[in-house]
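Each chain, written out:
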Amino acid sequence: ILLFNRVSFVCLSAEEATGYGPVFEEQPVDTIYPEESPEAKITMSFSLLPAVGLPSHYSLVGGNLVISNPIKTKHVGQYFCFATNIYGTVISREASVQFGYLDLFSSEERESVYVKEGQGAVLLCAPPPHHPDELSFRWILNEFPTFIPLDKRRFVSQITGNLYISKVDSSDSGNYSCIASSPSISKSVFSNYIPLVPLLFLVSPIRWKKLDGQLPPNHELRMSGAHLHLYNVQFEDAGSFQCEAVNSRGKDYHAARVSVEAFPEWVEQMSSTEQDLSRDYTMPCVASGKPEPRIRWLKNGQLSHRKEMRFSSLTFDDSGMYQCIAENHHGVIYATAELRVYACAPTFEHNPVKRVMAAKNGRVVIECRPKAAPKPSFSWSKDTELLHNHTRVFIWEDGSLEIRNVTRADEGRYTCFAENDRGKANSTGSLLVTESTKITLAPSNADVKVGENTRMQCAASHDASLDITFVWSLDGRVIDLHKESHHYERTLNGSSNGELLIKNLQLKHAGRYTCTAQTPIDNVTAAAHLVVRGPPGAPGGVRVLNKTDKSVTLQWSRGADNHNPISKYTIQYRDSFSEDVWKNATTSPADVEGNAEMATVVDLFPWIEYEFRVIATSTLGKGEPSSPSPKDKTLEAFPVVAPSDVGGGGGTSRELTITWTPVQPQYYYGPDFGYIVAFKPQDGAQWMRVTVADPQAKHYIHRDPSIPPMTEYQVKVKAFNGKGEGPFSLTAAIYSAQDAPSEAPGRVDGKALSATDAIVWWLPLSQGNVDGYQVKYWRIPDDSEGGAETVVVPGSENHTRLESMKPDSHYLVEVRGYNSAGYGPASEHHQIHTKKPPPSRAPKIIGQKLKSHSVVNIAWEHVKPLANEAAIEGYKVLYRQKGHSTGTLYTTSKQYIDLPFHADGNYVVEVRAHSEGGDGAVAQININITGNTRIHHLLINSDHWTIKILFFFPQSNSKVYLREKLT
């Protein structure tokens, strides 16, 4: 404002300003529009004011951007919003519009998965094409909704959808289907079933390690060790991880690398600020992330090419809205701040020099903080005397006045003068001097036991006009009496007494206690030491000095005795078979004295990997255990445990099958563990011996053409390892295998039931050693016998149904008997010709009419089969209430039917043609039956897309027609 050739500068603070730059209260979010959505619009929230002149399809409703009748090729993309006022411009975060879909799984049949029991299995989901990428996966077993439970053996990857099963057993047998769900479009699809067939076998346990360091503490093993799970992943968890499987045959490894990346996040974030004209200023904006985020700057919505916002001399043009954007391929974050550059003469209007108090012999600082730009120069006066820097008085660079060793003579009025090139101003305050605070009763050193109580005294004198408070700290950390009230309590014994009661003392409460007596003006401290006697600390450095097959000698170093002598030590152990359970060890000597640092652990198992830890005890209790020793293995020894449950029998012709329960690994007692199997005929004198090198083997099959069928044998089994052989098991009697069937089934016959099914029958075999029949069938001339389908039938039956056949095709069928010894000869081939396929076109429903309050007439057009399809024999009509799995089925040769409805509700009606080849495609309609209003007539004209509805009201005998154009 120019008045009388003088310039007056107005300087407003942020609080005084009448407005501020734009700030987004709501940011747009990414939107997925389902391609199958019945709602033909997309709404994006921007918190905008209405606008005009938008292109077609776009409109603003209540501040939201609406895209009507969205088109994929036109409306997919990135959207953002500008907001502007007189203080500047900001832009919102970018939000994408995408079209989502989830196709059906492939209709191809899934191949069976065969896996040996004890090994891991992977069932591939192979999700169909979809967008966006995010899917959730579940699996069902045999039928919906029997979902696969996720436990220590089962895991579903939410990235690939694959189902992982560790240590497969017979209970895992069945048909599995993958369910893929898209949360973005609320749709799920099912895969065809995948049969899982477990085969008998055993494998060794799995171990994990990190090749470039220790396994992270934030890990756990799942699925019996087959799955290593890292939770709360940190950058330092990155590296190479290896799983290892070991048995007597050797080792196998597999390694994978884990890389850890991160979404951008702010390390240092800018905020709105006011800065002096011509001042140097740097706007902070630092982000972390992996990969390292790329930084971009915007000023008033326009891209700035600066790498950092550094100003060497601020001008008014530098004012505006600034945005820092940090981005990597995981995402983007925005920070927004307003910069205002100002200049004004000094003013104390909002921050005058204040009245302050100081204690005698203490120190005081009187602040001088005028509003001014650029920074002013400062000077001070006391009463009428101009002050200068000397030994007790100092004027700081920011204008504050410091006085040291305060005396009563320093009381008075103090004035601060501030001046810059825009003008000058001054403000006056005062200084009042009080008595200083002094400790009159200091705390004293104390010595107590764990669990006891003690008191720490503290009292002080102070200026009577001031309030006093007491603060206690332990080793420099302030004690929170509220949060730690179960151990600390202030005793109320006058305002000048700060005594502290410490209850139920623990070792952690030992240390230096400091009492601080403080007033609003000054404070004073006094300290004392507290010694707490308690159970010993943990020993250290536990290690194995030497070992035998059943003992180890340990050495350790003494831990802290916590001011009380150690009376004894307890040694504990754990092995790979006891998981995380620690057990007390037997030692020599039996009692390990408190002055010992070495002992021998006895009664261990040979060739077992152990860890050990040591616990110290005193008259005040048992201490914490030491860290575990490095894992170490005892020496090997002869095995002493024989296999149990020796038996056997059965198998194929000319075989002798011997079975047993394997010895548990903790009884291997050494490397190269295996079994020696001995057997002889019941009346024989010479034992035959065979070596089985697999320690987990459960059986041995001896094959010899000279073995007579169903002959009694004596068998026994013992263990061996690299050290020698153990004792034999008890002798068991078993029988050799029977012969396979020698005859072929006769009079094989059959016929086609439909386009895909047939039935076949035969004369049963007269032999008594038949367990069942195998039926094979294959299409000619396209398929060979090697690719035949197989059906297994019990020996008590002589017929079966053949399914999943091709329509209008010729098949050859053969039958053979089988038992545990194998398969007999095949029958003569029988030929079956399947029927033509059913109609592929569904009936076209042309009418639906209410004949009475409870009967609806449904009419449809006749289905004309194609040349290669079977002739129509009639129609099947099924109707059921919506949500019900069962209904009523009708068969008719007409092209209409009257359906009775006995209750109100929503109904589903299905119509299909049927022929000798089976049922054709289905047509479906929904019917809503209500109490007062019945749909009397419904006609749909598909050419003009109009619908005509007649409503009938029985009580008034009135009719109403509606005709609407369908959108």
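Along each chain, numbering runs from 1 in the same order as the chain's sequence is written. Owing to the predicted nature of the model, reporting of local features is limited to residues with pLDDT of at least 70; listing and counting of side-chain atom pairs is limited to 80 or more, with chain, interface and lining totals taken over all residues. Based on all heavy atoms of the structure, the side-chain values leave hydrogens and waters out of the count.

### A closer look at the sheet that holds strand β64 (residues 644-648)
1) Next: Strand pairing requires that DSSP identify at least two bridges connecting the strands. Labels follow the DSSP assignment, with helices taken as runs of H or I lasting at least four residues and strands as runs of E lasting at least two, numbered in each case from the N terminus. The strand order across the open sheet formed by three strands is β64-β65-β68, and the pairing between neighbours is antiparallel. Looking along the sheet, the strands with just one partner apiece sit at the ends: β64 and β68 (699-703). Mean inter-strand twist for the sheet, computed between neighbouring axes without regard to direction, equals 15°.
2) Next: With three bridges connecting them, β64 and strand β65 (residues 655-661) associate as antiparallel partners. Looking at β65, one finds that Gly647 is bridged to Thr659. Comment: axis = line fitted to C-alpha atoms, over the contacting stretch for helices; angle = value between 0 and 180 degrees taken between N-to-C directions.

### Overview of the UniProt feature "domain: Fibronectin type-III" (unreviewed entry) in the protein
1) Next: UniProt positions are given in the numbering used here, feature names are shortened, and annotations may be inferred rather than shown by experiment. Mapped onto the present numbering, the UniProt feature "domain: Fibronectin type-III" (unreviewed entry) falls at residues 538-637, 642-739 and 744-837.
2) Next: Summarising residues 538-637: 0% helix, 50% strand, and an end-to-end C-alpha distance of 34 Å.
3) Next: Helix and strand shares over residues 642-739 are 0% and 50% respectively, and the end C-alpha atoms of the span are 32 Å apart.

### Some details on the nonpolar core
1) Next: Side-chain atoms within 4.5 Å link the members of a nonpolar core, which is a set of buried Ala, Val, Leu, Ile, Met, Phe, Trp, Tyr and Cys residues. Remark: exposure states derive from per-residue accessible area (1.4 Å probe, protein chains only) relative to the maximum for the residue type, with buried under 20%, exposed over 50%, and partly exposed in between. Judged by nonpolar contacts, the single largest core of 22 residues is most densely connected at Leu123, Phe137, Trp139, Leu163, Tyr176 and Leu196.
2) Next: Elements with a contribution of two residues or more to this core: β12 (121-123), β14 (136-141), β16 (163-165), β17 (174-182) and β19 (194-199).
3) Next: For Leu196, the residues in contact, after removing those within four places along its chain, are Val113, Val115, Ala121, Leu123, Ile165, Asp172, Ser173, Gly174 and Tyr176.
4) Next: By size, the runner-up hydrophobic cluster in this structure holds 21 residues, among which are Trp660, Val663, Tyr700 and Ile707. Residue contacts are counted whenever heavy atoms from the two residues lie within 4.5 Å of one another.

### Here we look at the UniProt feature "domain: Ig-like" (unreviewed entry) in the protein
1) Next: Taking the numbering used here, the UniProt-annotated feature "domain: Ig-like" (unreviewed entry) corresponds to residues 103-190, 264-340, 346-434 and 437-525.
2) Next: Between the end C-alpha atoms of residues 103-190 the distance is 10 Å, and the span holds 0% helix and 39% strand.

### A short note on the sheet that holds strand β41 (residues 401-403)
1) Next: Ordered in space as β36-β41-β40, the three strands form an open sheet in which the pairing is antiparallel. Each end of this open sheet is capped by a strand with a single partner; those strands are β36 (364-366) and β40 (393-395). Taking the axes of each pair of neighbouring strands and ignoring which way they run, one obtains an average angle of 20° across the sheet.

### Let's talk about the state of the cysteines
1) Next: Here, the term disulfide refers to a pair of cysteine sulfur atoms separated by no more than 2.5 Å. Under the defined criterion, the tally for this structure stands at four disulfides.
2) Next: Residue pairing for Cys125: its cysteine sulfur links by disulfide to Cys178, the two sulfurs lying 2.1 Å apart. Of note, the bridge from Cys125 to Cys178 carries an S-S torsion of about -75° and is left-handed in sense. One end of the pair, Cys125, is in the loop between β12 and β13 (130-131); the other, Cys178, is in strand β17, and 53 residues separate them in sequence.
3) Next: Between Cys458 and Cys515 runs a disulfide, and the two sulfur atoms are separated by 2.0 Å. Classification of the bridge connecting Cys458 and Cys515 rests on its S-S torsion, roughly -80°, and on that basis the disulfide is left-handed. Here Cys515 lies in strand β52 (residues 511-518) and Cys458 lies in the loop between β46 (454-456) and β47 (459-461), a separation of 57 residues in the sequence.
4) Next: For Cys458, a relative accessible area of 1% corresponds to the buried category.
5) Next: Look at Cys515 and you get buried, because its relative accessible area is 0%.
6) Next: The thiol sulfur of Cys81 is not disulfide-bonded, and the nearest other cysteine sulfur, from Cys324, lies at 20 Å.

### Digging into unusual backbone geometry
1) Next: Going from Lys290 to Pro291, the amide bond is cis rather than trans, its omega being 0°.
2) Next: As for its placement among the helices and strands, Pro291 is situated in the loop between β28 (286-290) and β29 (294-299).
3) Next: Here Asn361, not a glycine, exhibits a phi torsion of approximately 70°, which is positive.
4) Next: On the secondary structure map, Asn361 appears in the loop between β35 (356-359) and β36.
5) Next: The backbone of Asp383 shows a phi angle near 55°, a positive value even though the residue is not glycine.
6) Next: On the secondary structure map, Asp383 appears in the loop between β38 (377-382) and β39 (385-386).
7) Next: The partly exposed category is assigned to Asp383, whose relative accessible area is 44%.

### A look at the environment of Gly301
1) Next: Within the element layout of this structure, Gly301 appears in the loop between β29 and β30 (302-304).
2) Next: Leave out the neighbours within four places in its chain, and Gly301 touches Phe82, Thr89 and Ile91.

### Considerations on the pattern of salt bridges
1) Next: Any carboxyl oxygen of Asp or Glu within 4 Å of a side-chain nitrogen of Lys or Arg constitutes a salt bridge here. What the rule picks out here adds up to 43 salt bridges.
2) Next: Two residues, Arg257 and Asp212, come together in a salt bridge whose shortest N-O distance is 3.8 Å. You can see Arg257 sitting in strand β24 (residues 250-258) and its partner Asp212 sitting in the loop between β20 (206-210) and β21 (219-222), a full 45 residues away along the chain.
3) Next: Given a relative accessible area of 58%, Arg257 falls into the exposed group.
4) Next: For the salt bridge of Glu785 with Lys776, the shortest nitrogen-to-oxygen distance reads 3.6 Å.
5) Next: Overall, the relative accessible area of 33% leaves Glu785 in the partly exposed class.
6) Next: Each of Asp151, Arg153, Arg154, Asp169 and Asp172 takes part in salt bridges that share partners, so that together they form one network.

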